Amino acid sequence: MNDTKTEIPNRTAGNINSVPSPALPTEERKGLTKKEIAADHPTWCPGCGDFSVLALYFKLIEKRKIWHEKITTVAGIGCSSRFPYFVQAHGVHYIHGRALPFASGISLSRPDLHVFVFGGDGDAFSIGGNHFNHTARKNVKMTYVVMDNWVYGLTKKQTSPTSPLGFKSKTDTWGAVDYPINPMKQAIAAGATFVARTTHSNPNHVLQMMEAAMDHDGFSFVECLSECVEFYEGAFDASNPRKGGVFNLVPPTHDVTNEMAAYKLADEPFPGYFGIFYKNNKPTKNTKEIAINTSAMEKVKGLKDHEILQKTFDRLK
Ligand SMILES: Cc1ncc(C[n+]2csc(CCOP(=O)(O)OP(=O)(O)O)c2C)c(N)n1
Ligand code: SF4
Ligand SMILES: [Mg+2]
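Just so you know, these numbers come straight off a predicted model, no measurement behind them.

Chemist: What am I meant to see in the coordination of the magnesium ion (ligand 3) here?
Modeler: The reference angle at a metal is 109.5 degrees if four donors form a tetrahedron and 90 or 180 degrees if six donors form an octahedron. Protein coordination of the magnesium ion (ligand 3) is provided by Asp121 (OD), Asn149 (OD1) and Val151 (O), with donor distances spanning 2.1 to 2.2 Å. Residue Asn149 is classed as buried on the basis of its relative accessible area, which comes to 10%.

Chemist: For this particular structure, what's the right way to read helix H3 (residues 99–109)?
Modeler: Side chains of residues three or four places apart in an α-helix project in the same direction, reflecting 3.6 residues per turn. For H3, the set of buried residues is Ala99, Leu100, Ala103, Ser104, Ile106 and Ser107. Viewed end-on, H3 has its buried residues packed into an arc of 165°, placing them on one side of the element. Considering only its buried residues, H3 is in contact with strand E1 (71–75), strand E3 (114–120), helix H5 (129–138), strand E4 (142–148), strand E6 (219–225) and helix H9 (285–299).

Chemist: Would you explain the packing of aromatic side chains in this entry?
Modeler: Two measures describe an aromatic ring pair: the distance that separates the ring centres and the angle between the ring planes. All told, the structure shown has 22 aromatic pairs when counted by the stated rule. Each ring, one from Phe132 and one from Phe219, has its centre 6.2 Å from the other, and the planes form 65°; the classification is edge-to-face. In this pair, Phe132 sits in helix H5 while Phe219 sits in strand E6, placing the two residues 87 residues apart along the sequence. This pair shows no difference in class: Phe132 is buried, exactly as Phe219 is. Measuring from ring centre to ring centre gives 5.9 Å for Trp150 and Tyr232, while their planes differ by 65°; the resulting arrangement is edge-to-face. Taken together, the positions of Trp150 in the loop between E4 and helix H6 (183–190) and Tyr232 in the loop between E6 and strand E7 (248–249) put the pair 82 residues apart, joining distant regions of the chain. Each member of the pair Trp150 and Tyr232 is classed as buried. One aromatic cluster in this structure is built from Trp44, Phe51, Tyr57, Phe83, Phe86, Phe116 and Phe118. For the cation-ring pair, Arg197 lies above Phe274, with the distance from its terminal atom to the ring centre recorded as 4.4 Å.

So, how was this worked out
- Residues numbered from 1 in each chain as written.
- Chains lettered and ligands numbered in written order.
- Predicted model: local features only at pLDDT ≥ 70, side-chain atom pairs only at ≥ 80, totals over all residues.
- Heavy atoms only, no water.
- Donors = N, O, S within 2.8 Å, 3.2 Å for Na, K, Ca; no water.
- Buried < 20%, exposed > 50% of the residue type's maximum accessible area, 1.4 Å probe, protein only.
- Helix = DSSP H or I, 4+ residues; strand = E, 2+ residues; numbered from the N terminus.
- Arc of directions from axis to C-beta.
- Contact = heavy atoms within 4.5 Å.
- Phe/Tyr/Trp six-rings, centres within 6.5 Å; stacked < 30°, edge-to-face > 60°.
- Lys NZ or Arg CZ within 6 Å of the ring centre and 35° of its normal.

The structure is reproduced here in structure tokens:
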């Protein structure tokens, strides 16, 4: 058994690069270029909204000079969840709906990294619905961007939990009859400590929201409308001024710390508002676990790993 342990530095809020990488030199390094971050050519349909989200993720990494070893990109299954394939960095394309528990493990064991999770409305709110609620309430530090296209794209047009009433799909040929969920209300009610909404058709806004989400010390959730041009064309036209719609920013008078006000904002009919709806600074699960671990390690100070194991076995006798 290895008795030498690598100290994993803890990052709270702020600049990801401010914490030195365990095995790498700490001298000033150049930020990555898009060429160094882009991997495979995305296989999305031409015109898919997901391209915009990926391009802005690259921009975020470039702008904030984040190094490969400082981030990880996690996803479940779906068109949107192919995301990690297209990023030249550490990442995981995991099981459908299970991206958040996997990401929680990374976040809790490597608090010096920033964990980004990308996925679709089906992945987040159908099969992954419970994981969404529990990760939010635990306030595990990560950024979750849900690319909401109101449909299951990868499996070719089934009703999703965000499809509006009347939407005709392969599972609802006469039109959807089940009431859709409201992702913003759900995130606020579940206890997410940062809740924002944006749309692929406004790139500057997407970048702004991803940056603010990354800087938040806690579970940050961003709903990003991302049009599926193949199976739900025009779904978000009413939110796009270039298509005759309106893009309304969250009013400057809105108090982001007021949960009830955020909930009310989320209740506005489509296209609603875009921006940060809710934000608070509750301690994260990461911080709490570090405190527990530190106090537990204090009790076994000076012991070798096999002696700690032996002590544990002795206690079980
Ligand atoms: C356990 C399991 N059940 C069902 C599927 C089939 N499946 C793959 S992706 C998907 C839904 C994807 O929809 P969404 O998350 O909205 O992503 P999109 O393709 O729209 O980006 C389903 C049902 C699966 N891969 N695994
Ligand atoms: S099917 Fe829809 S969501 Fe999937 S890549 Fe094509 S346009 Fe995008
Ligand atoms: Mg979808």
